[in-house]
Amino acid sequence: MSTDLGELMNRCRGSGLRRTKALEVLLGTLLKADRPMTLARLQKSRTLSSQCDKATIYRLLHRLADAGIVRRLGLHERAAYFALIIPDQHRDYLICTGCGTIDPIEAPCPVHHLEDEIRTKTGYQNLYHELEFFGTCPKCA
Ligand SMILES: [Zn+2]
Ligand SMILES: [Zn+2]
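All of these numbers come straight from a predicted model, not from anything done at the bench.

Draft legend 1. Here's a closer look at the pairing of strand 3 (residues 81-84). With two bridges connecting them, strand 1 (residues 37-38) and strand 3 associate as antiparallel partners. The residue of strand 3 that forms the bridge with Met 37 is Phe 82. Here four bridges tie strand 2 (residues 70-73) to strand 3, and the two strands are oriented antiparallel to one another. Its bridge partner lying in strand 3, Leu 73 is registered against Tyr 81.

Below, the structure is given as structure tokens:
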């Protein structure tokens, strides 16, 4: 199952977010990025900054997080990363406590089996999980 922009916009409408060009471009940027992005990176994006100012990007990200469409990752506000929450898509991360670098984990996920079990037992649909592992990266060690 792949998520496209139209589906994300539907989820936004369901959460009461106003459909704006800025929202559409922000979601498109996150979708294309396929990894978590910092606020600073997003604010430097030309396509985004041609649509809205920095404060709007910040506000939209937090509204998306409140709506459960975007997730905030990382250690603190200054090194916060934002990523789309996509059901049935694997999203586990490795985070350096030194520099705040974040990397997707390229390893078989240990909890898919558990996810199936929870689905069967509870009847929940659209289950997803995200694991965050913290440590010191080779550069900081
Ligand atoms: Zn590091
Ligand atoms: Zn996983």
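Draft legend 2. A look at helix 5 (residues 54-66). Over its 13 residues, helix 5 extends 19 Å from the first C-alpha to the last, a length consistent with the 18 Å expected when each residue adds 1.5 Å. Taken together, the buried positions of helix 5 are Ile 57, Leu 60, Leu 61 and Leu 64. The buried side chains of helix 5 occupy one side of the element, clustering within an arc of 100° when seen end-on. Exposed and oriented more than 90 degrees from the buried face of helix 5 are Ala 55 and Asp 66. Looking at the buried positions of helix 5, the neighbouring elements they touch are helix 2 (21-33), helix 3 (39-44), helix 4 (46-49), strand 2 and strand 3. Looking one or two residues past helix 5, Gly 68 carries a phi angle of roughly 75°, positive in sign.

Draft legend 3. View of the sheet that holds strand 3. A sheet is described by the order of its strands in space; here three strands give the open sequence 1-3-2, paired in antiparallel fashion. Where the open sheet ends on each side, the last strands, each with one partner, are strand 1 and strand 2. Along the sheet, helix 2 contacts strand 1, strand 2 and strand 3; its crossing angle with strand 3, the most-contacted strand, is approximately 90°. The strands touched by helix 5 are strand 2 and strand 3; relative to strand 2, the strand with the most contacts, the crossing angle is about 105°.

Draft legend 4. Inspection of the sheet that holds strand 4 (residues 91-96) at higher detail. With mixed pairing, the three strands of this open sheet are ordered in space as 5-4-6. For this open sheet the edge positions go to strand 5 (102-104) and strand 6 (130-135), each flanked by a neighbour on one side alone. Sheet twist, expressed as the average angle between the axes of neighbouring strands with direction ignored, equals 25°. Taken together, the three bridges between strand 4 and strand 5 define a ladder with antiparallel strand orientation. Note that in strand 5 the partner of Ile 95 across the bridge is Ile 102.

Draft legend 5. View of unusual backbone geometry. Here the phi dihedral of Asn 126 falls at roughly 55°; this positive angle occurs in a residue that is not glycine. In this fold, Asn 126 is placed in the loop between helix 6 (112-122) and strand 6. C-beta crowding within 10 Å serves as the criterion here: with 10 such atoms nearby, Asn 126 is assigned to the exposed category.

Draft legend 6. How the structure looks around the nonpolar core. Counting residues in each nonpolar core, the largest one holds 22 residues, and the members touching the most others are Leu 26, Leu 30, Ile 57, Leu 60, Leu 61, Val 70 and Phe 82. Those elements that provide at least two residues to this core are helix 1 (5-14), helix 2, helix 5, strand 3 and strand 4. Dropping the residues within four chain positions of it, Leu 30 is found in contact with Met 37, Val 70, Phe 82, Ala 83 and Leu 84.

Calculation notes
- Residues numbered from 1 in each chain as written.
- Chains lettered and ligands numbered in written order.
- Predicted model: local features only at pLDDT ≥ 70, side-chain atom pairs only at ≥ 80, totals over all residues.
- Pairing = 2+ DSSP bridges.
- Helix = DSSP H or I, 4+ residues; strand = E, 2+ residues; numbered from the N terminus.
- Expected span 1.5 Å × (residues − 1).
- Buried ≥ 20, exposed ≤ 12 C-beta atoms within 10 Å, placed from the backbone.
- Arc of directions from axis to C-beta.
- Contact = placed C-beta atoms within 7 Å.
- Axes fitted to C-alpha atoms, helices over the stretch in contact; angles between N-to-C directions.
- Core = buried A, V, L, I, M, F, W, Y, C linked by C-beta atoms within 7 Å.

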